[in-house]
Amino acid sequence: VPDAQYQLPLNPRVFAILVALLEGPAHGYRIRQEVDERSQGTITLDPGSLYRTIAKLLDDGILEEVDAPNHEASDDPRRRYYAVTAFGRELAAAEAARLRTLLSRAALRAAR
Amino acid sequence: MISRRRESLATRVFRAGLLWFPPRIRRAHGDEMVAMFETQWAKAGARGWPARLWLALRATSDLVTNGTAARFAALGSRKLGRPAKSVHAMGGRGTMGMHDVVLTIRRLARARLFVMVTLTTLTIGLGMFAVVYTAVDKVLLEPMPYPHAGDLYYVWRDYGPIRDQPRGALPGTDVLDLQAAGGVIEHVVALQAFLGGVFSSGGDEEAMEISAVVTSPGLFELLGVEPQLGRVFGPDDAGPGRPFTMVLTHELWTRLGADPGMVGREVSLNGRPHTIIGVLPREFDFVRADFNNPPQRADAYTNLRVNLTDPSPNLADYSVLMRVSRGTAPEAVAAAVEAVGRGVDERDFEGRGLRLYAAGLKADLVDEVRPALLVVGAAGVVLALMLLVNLASVLLARAAQREHEFAVSRAMGASRSATARGPLLEGVLLGLAGGAMGAIAGIWGTRTLVSLMPSDFPRREAILLDWSVGIAVVVVGGLLGALAAMAPARWATRTALPSLLASSSVRGGGGHGRMRRGMVVAQVALSLVLLNSGALVVMSLQRLLSADPGFRPEGVLTILVRTPPVFIPNAQVVEFQNRVAGAFATVPGVTRVSAAAALPLTEATTFEPTSIELPEAPGNTGDPARDAVLTDVIGVRAGYFEVMGMRLVAGRTFGESEAAAPEAVIDEAFAERFFPGVDPVGQALFRRPTAEGETRADRGPTVVGVVQQARIYDAHQDGRPQLYMRITNQFFQRPLYYVIATEGDPETLVPALRAALRGVDPRVAMGEPRTMEDIVASALLEERAGAVLLAAFGFGAVLLVIMGVFGVVAGSVTRRHHELAVRLTVGANPRQALGLIVRETVWLVGIGIAIGIPGIYAASGLLRGALIGVSPSDPFIVALVAVKLALATLATGYFAARRVLEIDPARVLQAG
């Protein structure tokens, strides 16, 4: 099993995708909307960058492709759904922990 | 694969852009990306076209950046032989392919001096390359801006059997024959220069001079252009007695105020009312090729009002343009035109063998400049090669500095491809950046080049650095970088840890030194070829500049004054010309005024050259065909030879007052041809009778003097024989160029001269005033531009070679530090050590020159067409250039080698 620590810090774009998918499987366009909303427009995922990253994350075993959830009767058969693997979850947690440490240190210094 | 619906254009373009991605990602996610783009596109559509434009831009940049990055990642994984996966063992590889690029950029950012020097070299070199590429591409390669331009041809007549005129115009009857020929010949139009275009749009506006072309109907259809306003000439506009009609170019229409209501309005051209029937679109551009004068770009077109059957076959003045059936082979076109020509030859010339021939529209226009451009183009390629070698050498040196790093990472398990990627990426990134900066420098460079070029340089207006050229230059830069990085990359993969650990003294002693020495040899050889070409072209220009054109241009101002027959009837022309000359003479600062129908070095005479035959001349051969000599007959006023500073060889010039008998002055070529070994002064010139009933008693003028030829066509060689006729009421020409000798700066007198002319007749327009010095300069502009370019290339080449030699020699000193220190310790004196290094340089330069000399002879074939009065493989120049290059490089080598003297043996050995 690859060591999550080794891949930190995560590229903000990767982290954003992971966070978006933590709520459940989604297709590319949904991921884009989620990320856009959460990052308040600071991270935009155009098709090229989104799918290059997805391809990479699939290769590294961070994401996996899943069937469309039942409640989502897809209107476009080209849409595929992605979910975070166990390793991906671990990775996201590690990054979150790293960021938390960073933030608390910053908060401490700022308070001093 | 999911079945595709009918896709919109934007989607198809996007899909095409996906080709930039590696196939693996494209296959896996292509349809998803398209689906996502379609959603974006639809949403943007709801917000209007600016949103769509923005999306298109963003999508392009998204595809290019991510496709490139993905390809880099895929490249690495393919070489590694396993699917793309992060290589965590190597510090140099992150999670993304783009990471490599970022790392490389960071690494380059630390070597600021190296990057600055390399980028400057690349910018200058690729900038020059961009300029040359633009000129060659736009002038020689790009098709003319008409649909199926390859099917357009001019038709000319070779008058060879009658007179020395290989490219002559056609009479109307030939035009009709061509039009009737059928077969592959689809459309034929006759074009004629409209002389003396004094234009007035009516009202109080001052008359201006325009350039107009007379055309038979069908020109614009043939060129595939629709009028922007109104209509073009139809069949009803052609023929005698038809009303005068005119089609304006967009440019003239704009100059007149761009009034859409102008169509239908009446204007005056040479005093005759013309109706404007149409305006051409802005992008329309056309140049009428002429048989005798430089190509003419028109401001307006007027209808041909003569019957093409009327003029006699000997009075030919049409440039004939035709369109052939789509894609006809040039051989078939030539055969069709030849066939028409044979018929004409039989009918009109008793089968003496005057042929008609077709010349492709583009070839016809650019043939004259082709040799010069090819030389410059070839020089550009050689320079690019030198850049390549230089870059390779610099990158190799840089890689050598990182030898330790490479060896360590190899030892720790980095694959060969991972090690090679660093130097490769550096090369590509530097090349791309250099290409981008070079393209920007090229924009400025092409502007400079165009401003250096003569205004009648063919396709001059097309020489603009556009997107396609810019991208081509960036790609060339990237390719150069990649190629140049091959050597260091290959070398980097060969480094092995043991070689580093074995001994510090042999560090870097392996392949890279040999490679760099080979590169110096190549640079010396290439730069020798470039320098030699540059030297030859500069020498050729010098010949031209020092050539005596037969007159002195200093302080002479020239002004063309049109005298249209509608304003000034024949009987009053000379009187009018007297008044103009008199008015000019009264302007303060003017010392003397005269005039002539043709000016030196303008390549143009207002009158067609005439075949002159002198039945009693001693120079005759007895063969009537050869005794008729094509001559420039130039009408001049008294004082012309004095104002122009022409050298009188024999006799006298024209006196101020008109003599009782007509007088003529001939040039040396004329004297040589008709009066060899005889004093021509006092001889009567009897010309072939031109009118019915003319008898031998109607003697021509008497020769009063002989002058040196004032060259009309080329600065370096005499043109046709010249016959100067004094302008009288019996023999007059119009329009005339007034030549005005001035004190001080001639340009300052222009307003006063303009006012003086207006005082004589306000209806007459003054042409663009030009100083004789201007005319001389522009006659040599083309050669000057070529010489400047090639000299710059040569200079660039020397700089590159010096950098190369310095790098290699300095590197050699560093590499042999240890060895040299040992030598110094055991008793070698520093001079001997210095000699050791210098000897290596001598060898490299010597071999380079030995290889370069055959290269010079190989290049001479290409150069020949661009040189005047200089042999392309002059051994003296070759030797001179070789010696200078050797001196420069050896001096560089010596200075670099002097670092040997700074070696402190004790310290080196202690450290080692």
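Every value quoted in this text rests on a predicted model; they were computed, and no experiment measured them. (Residues numbered from 1 in each chain as written. Chains lettered and ligands numbered in written order. Predicted model: local features only at pLDDT ≥ 70, side-chain atom pairs only at ≥ 80, totals over all residues. Heavy atoms only, no water.)

Time to look at the overall build of chain A. The helix and strand tally for chain A stands at 4 helices and 3 strands. Across chain A, helices and strands are ordered from the amino to the carboxyl terminus as α-β-α-α-β-β-α. Residue burial in chain A is summarised as follows: out of 112 residues, 46% are buried. Once local pairs closer than 6 in sequence are excluded, the contacts in chain A between residues at least 24 apart make up 58%. By element, 51% of the accessible surface of chain A is carried by carbon and sulfur atoms, the whole surface being about 6100 Å². (Helix = DSSP H or I, 4+ residues; strand = E, 2+ residues; numbered from the N terminus. Buried < 20%, exposed > 50% of the residue type's maximum accessible area, 1.4 Å probe, protein only. Contact = heavy atoms within 4.5 Å. Areas by Shrake-Rupley, 256 points an atom, 1.4 Å probe, with all protein chains shown as cover.)

Attention now moves to the interface of chain A and chain B. With 28 residues of chain A at the interface, the matching set in chain B holds 32 residues. Note on chain A versus chain B: buried area summed over both sides is about 2700 Å², and carbon and sulfur give 56% of it. Its largest share of buried area at the contact with chain B, chain A owes to Tyr51(A), Arg52(A) and Arg78(A), together 30% of the area lost on that side. Taken together, the links from chain A to chain B amount to 3 salt bridges. In this structure, Arg24(B) and Asp59(A) form a salt bridge, with 2.7 Å as the shortest nitrogen-oxygen distance. (Buried area = accessible area lost by both parts, 1.4 Å probe. Salt bridge = Lys/Arg side-chain N within 4 Å of Asp/Glu carboxyl O.)

Residues and elements named next belong to chain B. Mapped onto the fold, Thr 563 is located in the loop between strand E13 (556-561) and helix H17 (573-585). For Thr 563, a relative accessible area of 6% gives the class buried. Apart from residues no more than four positions distant in its own chain, Thr 563 is found in contact with Ile 568, Phe 576, Arg 734 and Pro 735.

All names here are of chain B. Counting all residues, the mean pLDDT for chain B is 82, and 91% of those residues have values of 70 or more. Counting contacts from residues 77-96, a segment whose pLDDT is below 50, to residues more than four positions away or on other chains yields 35 contacts. Across residues 503-510, confidence stays below pLDDT 50; counting only partners more than four residues off in sequence or on other chains, it has 11 contacts. Predicted as a complex, the structure gets a pTM of 0.62 and an ipTM equal to 0.84. (pLDDT = per-residue confidence, 0-100.)

Attention now goes to the side chain of Ser540(B). Structurally, the position occupied by Ser540(B) is in helix H16 (residues 511-546). Contact partners of Ser540(B), with chain neighbours within four places excluded, come to Ala866(B), Leu867(B), Ile868(B) and Val870(B).

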